[in-house]
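Survey of secondary and tertiary structure
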Number of protein chains: 2
Amino acid sequence: MKKYPAACEAPDGYSCPVEATIDIIGGKWKSVILYHLINDKKRFNELRRLIPAVTQRMLTLQLRELERDGIVCRTIYKQVPPKVEYSLTEFGKTLIPIISQMMNWGTSYAGKIKEARQRSAAAEKLESQG
Amino acid sequence: MKKYPAACEAPDGYSCPVEATIDIIGGKWKSVILYHLINDKKRFNELRRLIPAVTQRMLTLQLRELERDGIVCRTIYKQVPPKVEYSLTEFGKTLIPIISQMMNWGTSYAGKIKEARQRSAAAEKLESQG
DNA sequence: CAGGATCCGGGGGGATACTG
DNA sequence: CAGTATCCCCCCGGATCCTG
């Protein structure tokens, strides 16, 4: 929901379809969260353990945005201690093909990333040293 | 390339395959850039026009990162005025299925995004007003 | 045309403490 | 357990000016 110059504004506010998708899953942790929700629902602290690098604050914020956008459903069980479960909505499930592709790509090429970065880092070093 | 607690560190530094993918295309504009490069190479100012919301600074930065990661190739033509073309590398082309899925989803559901947000905004308003 | 350099403000996001 | 609330720092990213 950003503002663009009127001249280039598409009817839906995006200049290309990919932008709309990024608007939904572009958050730093959203795709990872969705990945963990594909097979079954998860509790809050379960997600924290599954995504060790995320802080509890950020997890909350990202989950709230996903909920706002109708992607995930938040189920509260009235009991002590509290119990909250997060799951994909029907709308959220339409994103599975994307997450699935991301998973496939990551599985296949995660190793190549470090290679590529080491190569470019080495090249840069050479250049700076003359 | 972030640091995680050693206990949860995967061999490749990611806690799940999706994280690796996000590490590459997670930048604010990267997927949109790749989308515009799928069919053919583009010049710098061409991309600026295609992505009106991006500043020239951000476009440069995102392109540099994509180049570093071996996703896009930067071809400089020695001439005045300068001419630079950006295109997908072979490695970059392996991302096409993901971008393609993003495109499909955005095309199908861009409209539903505003609906969902208006609904939750309305619900929120009701709640705050009692 | 394709950027590099610099200045600068706002907010993204971490750490910590508290709560129903 | 599943969050809120608060403080605060850093850096992302916009605006502007300059260059080969």
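All of these numbers come straight from a predicted model, not from anything done at the bench. (Residues numbered from 1 in each chain as written. Chains lettered and ligands numbered in written order. Predicted model: local features only at pLDDT ≥ 70, side-chain atom pairs only at ≥ 80, totals over all residues. Heavy atoms only, no water.)

**Description of the interface of chain A and chain B**
By a widespread convention, an interface's size corresponds to the accessible area lost as its parts come together. Listed per partner, the contact involves 50 residues of chain A and 50 residues of chain B. The three residues of chain A that bury the most area against chain B are Phe 91, Trp 105 and Arg 117 of chain A, which together make up 15% of that side's buried surface. Where chain A touches chain B, the interface holds 4 salt bridges. In this structure, Asp 69 of chain A and Arg 117 of chain B form a salt bridge, with 2.7 Å as the shortest nitrogen-oxygen distance. At the boundary of chain A with chain B, the tally comes to 12 residue pairs in polar contact (both at pLDDT 80 or more). The set of elements that each furnish at least two residues to the side of chain A that touches chain B consists of helix H1 (17-25), helix H2 (30-37) and helix H6 (96-129) of chain A. Among the elements that take part in the side of chain A that touches chain B, H6 of chain A stands out by supplying 18 residues, more than any other. (Contact = heavy atoms within 4.5 Å. Buried area = accessible area lost by both parts, 1.4 Å probe. Salt bridge = Lys/Arg side-chain N within 4 Å of Asp/Glu carboxyl O. Polar contact = N/O pair within 3.5 Å; in protein donor to acceptor, adjacent residues only side chain to side chain. Helix = DSSP H or I, 4+ residues; strand = E, 2+ residues; numbered from the N terminus.)

**Focus on the UniProt feature "domain: HTH hxlR-type" (unreviewed entry) in chain A**
Those places that UniProt annotates as "domain: HTH hxlR-type" (unreviewed entry) correspond, in this numbering, to residues 16-114 of chain A. Between the C-alpha atoms that bound residues 16-114 of chain A the distance is 31 Å, and the span itself is 61% helix and 14% strand. (UniProt positions renumbered as here; feature names shortened; annotations may be inferred.)

**Considerations on the protein's contact with DNA strand D**
Residues in close proximity to DNA strand D total 18 residues, the closest being Arg 43, Arg 74 and Tyr 86 of chain A together with Thr 55 and Pro 82 of chain B. Here a phosphate oxygen of DNA strand D sits 2.5 Å away from a polar atom, N or O, in the side chain of Tyr 86 of chain A. Here Arg 57 of chain B contributes a side-chain N or O atom positioned 2.8 Å from a base nitrogen of DNA strand D. Listing elements by their share of the surface near DNA strand D, those giving two or more residues are helix H3 (44-50), helix H4 (56-68) and strand S3 (83-88) of chain A together with helix H4 (56-68) of chain B. (Near = heavy atom within 4 Å.)

**Side note on the nonpolar core**
Leu 34 and Met 102 of chain A together with Leu 34 and Met 102 of chain B are the most contacted members of the largest nonpolar core, which has 63 residues in total. Residues within four places of Leu 34 of chain B in sequence aside, it is in contact with Ile 25, Leu 66, Ile 71, Val 72, Leu 88, Leu 95 and Ile 99 of chain B. (Core = buried A, V, L, I, M, F, W, Y, C linked by side-chain atoms within 4.5 Å. Buried < 20%, exposed > 50% of the residue type's maximum accessible area, 1.4 Å probe, protein only.)

**Structural notes on H1 of chain A**
Extensive coverage of H1 of chain A is indicated by the burial of 7 of its 9 residues. For H1 of chain A, the set of buried residues is Val 18, Glu 19, Ala 20, Thr 21, Ile 22, Ile 24 and Ile 25 of chain A.

**Observations regarding the pattern of salt bridges**
Applying the stated criterion across every chain, the model contains 12 salt bridges over all chains. Of the charged contacts in the structure, one is a salt bridge between Lys 42 of chain A and Asp 40 of chain A, with a shortest N-O distance of 3.5 Å. When its relative accessible area of 42% is taken as the criterion, Asp 40 of chain A is described as partly exposed. Between Glu 65 of chain B and Lys 30 of chain B there is a salt bridge, with its nearest N and O atoms 2.7 Å apart. Taken together, the residues span a long stretch of sequence, with Glu 65 of chain B in helix H4 and Lys 30 of chain B in helix H2 (residues 30-37) at a distance of 35 residues. Exposure remark for Glu 65 of chain B: the relative accessible area of 38% places this residue in the partly exposed category. Overlapping salt bridges, with partners in common, bring together Asp 23 and Asp 69 of chain A together with Arg 117 of chain B in one network.

**What to know about the pairing of strand S2 (residues 72-77) of chain B**
All names here are of chain B. Examined bridge by bridge, S2 and strand S3 (residues 83-88) share 6 bridges and lie antiparallel to one another. Bridged to Thr 75 within S3 is Glu 85. Counted along the chain from S2 to the antiparallel partner S3, the turn is 5 residues long. (Pairing = 2+ DSSP bridges.)

**Looking at the relation of the copies chain A and chain B**
Once chain A is rotated about the relating axis by 180° and shifted along it by 0.0 Å, it coincides with chain B to within an RMSD of 0.0 Å. A rotation of that kind, with that shift, is consistent with a two-fold axis. The position closest to the rotation axis in chain A is occupied by the C-alpha of Ile 98 of chain A, lying 3.1 Å away. Both copies contact each other with a shared surface, as 100% of the interface residues of chain A are interface residues in chain B too. (Least-squares fit on C-alpha atoms with pLDDT ≥ 70 in both.)

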